[in-house]
Amino acid sequence: MRTLTAVLLHGFGARYDLPISLSLFLCGGGFVVFISFILVSLFAGDRVGASALTYPRHPVPLLLRAGRSRALLVTGGAIGVIWLLGIISTGILGVQAQPASNAAEYMLWIYFWAGLVILSGLVGNLWTVLNPWAAIYDLATRGRRRPAGRELPARLGIWPAVAVYFGFAFLELASGQANRPWVVGALALAYSVVTLAGMVIYGRDQWLERSEAFSVLFGIIGRFSPVETERIAAGALTAVHLRPWGMGLLQPLAAGWDRVGFVILMLSSLAFDGLVATPLWFSFNASALSDLSFLGGPAEPVVRGVGLLGLTLVFLLVFNGFAQLMIHLGNHPENSLETITAFALTLVPIALVYNAAHNYSYLTIQSQALIPLLADPFGRGWHLLPTQGFKPSFLLTGAATVWYVQVVLIVVGHVIAVYLAHRRAGERFKTAGNAVLSQYPMLILMVMYTMTSLWILAQPITREV
Amino acid sequence: MRGIRIYVVITLLAVFIIGGGIVIAKQSGGGGARLTVDVSVSGDRMTPAPVTARQGDTITLNITADRAGEIHLHGYDIHFAGSAGDVRTHTFKADKSGTWELEYEAGAKHLGNLVVSP
């Protein structure tokens, strides 16, 4: 058998989870089908037209004041910039031999990539406050929005952001380089240069909204969150509201395959992260690698890259197939791209809860390993903080607790997604009859996605040695 | 009616969440046995792999390897030091459930797992 230690699960590090037990898988799966059925029959065609999208929201003047305060912008920006500089400096200058001893790996893959994404879904789009590149730009221009020097071609849409996101997912899941601290540090530096240059050339907001993948991602995730902000074109906050979780996904979004592709990539990259640890992938991988042995070293990233791209295309085709069926049954053929984009957003809760379930032990156990590293971030024998002897606590990570949290999260996310799709159908398909009929394909699709999430969690975790 | 429906869904979810918690709490436990497992390591492989136990068991691991080098059990943070052919023994309580890796400390060579089920 080949030796393979370079490519690990996630960005780096091992997983401590146990696959969820068969009984739990069956219980969770059964309940998902049951509650979906209840939801459909209870809410069948209750609201149609624009009123189907209304939801309760309450203004929060305190948050508006906080959001407008200079102190928050300066503090948030400073944290973001320090974090970015931390990743670049410890990545390039810190310990290289063991990724688990390099702070950059934790700061990027656990705290930013898993942690901040989930936190933003729970409380609000934190990236608008923390974005280090926006902070640097605003500091340099003293907060004035300068007019864009050039326009990005309109037909590009947000495809640049989709490409960056795919590149980032490739780095994490396929390249085998994600656990090399200097690669992480150097790429963070390179991406910073590109982003700052892009903001200068194409204008701050245009670049962030269309090319900066993380701003696009957190924008979508922020729609799930309970904090709703309203801004004028120049960027100043005019109102902050609280709303139930998920409801922001019903707000209007520019239609286009680029937006659909971005949401589907969120689902497919997460699913791929889980899939590569399953026995199914290992047998596929082994035979693909023996066929591609002439490629030598790059064979592994090629197989994984093709796998990631292939899974994304399959997800996209399946989604489009079900969406077309839905539009046909809903008897509403006009503006079909608008309809497809709107329904793609209703899948976001499923992606978000799977992200949280999948990364649960990563966030609760391995995140703690950053604490002792802070005392000596560059591996030079420093004692900056008295945290050297810190031992991770395993309090929240008994396998039974993990399983429970995972299954509950997935079921709750599924319920929110089905509910949102139902509201959206009421708005899109005009009559109650059409709306109900259209929901069957969507329901089947969502049950399929959720079952895939549960199935991956129930697979034994495999790692080639 | 509109108000009632959302409460029906919330009630069903609550029943699932609470009921699931009870089922899981009942399923876990049952460990507490004493286990002795003889593990042999040759090359990058250990047998048996994985070593399985239940949470709460007291495990005695006797590891024999065909080369020197410290073997590290992650999570429990136990180091099995010794030369080739030595029996390296540690006894510990399996109080943390999960999948825990055993590997050669130098070079992080993964040998297999200790799987502790709840």
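Residues numbered from 1 in each chain as written. Chains lettered and ligands numbered in written order. Predicted model: local features only at pLDDT ≥ 70, side-chain atom pairs only at ≥ 80, totals over all residues.

J.: Would you mind going over helix 18 (residues 399-428) of chain A with me for this structure?
T.: Each turn of an α-helix holds 3.6 residues, which means side chains three or four residues apart point in the same direction. Residue and element names in this part refer to chain A. Taking 1.5 Å of rise per residue, 30 residues should cover 44 Å, and helix 18 covers 43 Å from first to last C-alpha, within 8% of that figure. Most of helix 18 is tucked away, with 25 of its 30 residues classed as buried. Looking one or two residues beyond helix 18, the residue adopting positive phi is K430, at roughly 65 degrees. (Helix = DSSP H or I, 4+ residues; strand = E, 2+ residues; numbered from the N terminus. Expected span 1.5 Å × (residues − 1). Buried ≥ 20, exposed ≤ 12 C-beta atoms within 10 Å, placed from the backbone.)

J.: Mind showing me how you'd approach the pairing of strand 8 (residues 98-104) of chain B here?
T.: Here is the key point about a regular strand: its side chains alternate between the two faces of the sheet. All names here are of chain B. Of all the 7 residues making up strand 8, 6 are buried; the element is thus mostly covered by neighbouring parts of the structure. Where strand 8 meets strand 9 (residues 109-117), 7 bridges bridge the pair, whose relative direction is antiparallel. When the sheet's bridge partners are listed, L102 is paired in strand 9 with G112. (Pairing = 2+ DSSP bridges.)

J.: Can you walk me through the pairing of strand 3 (residues 51-54) of chain B in this structure?
T.: Residue and element names in this part refer to chain B. Side-chain alternation along strand 3 places V51 and A53 on a buried face and T52 and R54 on a face that remains uncovered. Two elements, strand 3 and strand 9, share 4 bridges in a ladder whose sense is parallel. Paired with T52 across the two strands is V115, which belongs to strand 9.

J.: I'm lost on the sheet that holds strand 3 (residues 237-242) of chain A in this one. Help?
T.: Picture the strands of a sheet paired through backbone hydrogen bonds; they go either parallel or antiparallel. Residue and element names in this part refer to chain A. An order of 1-3-2 is seen for the 3 strands of this open sheet, with the pairing classed as antiparallel. Looking along the sheet, the strands with just one partner apiece sit at the ends: strand 1 (58-59) and strand 2 (227-231). Taken together, the 5 bridges between strand 2 and strand 3 define a ladder with antiparallel strand orientation. Looking across to strand 3, one finds that V227 is bridged to L242. The strands touched by helix 2 (residues 61-68) are strand 1, strand 2 and strand 3; relative to strand 3, the strand with the most contacts, the crossing angle is about 140 degrees. (Contact = placed C-beta atoms within 7 Å. Axes fitted to C-alpha atoms, helices over the stretch in contact; angles between N-to-C directions.)

J.: I tried to follow the sheet that holds strand 1 (residues 34-42) of chain B on my own but got confused; where do I start?
T.: All names here are of chain B. Read across the open sheet, the 4 strands follow the order 2-1-4-7; overall the sheet is mixed. Of all the strands in the sheet, just strand 2 (45-47) and strand 7 (87-93) have a single pairing partner and so form its edges. Ignoring which end each strand starts from, the neighbouring axes of this sheet average 25 degrees apart. With 7 bridges joining them, strand 4 (residues 58-65) and strand 7 adopt antiparallel strand pairing.

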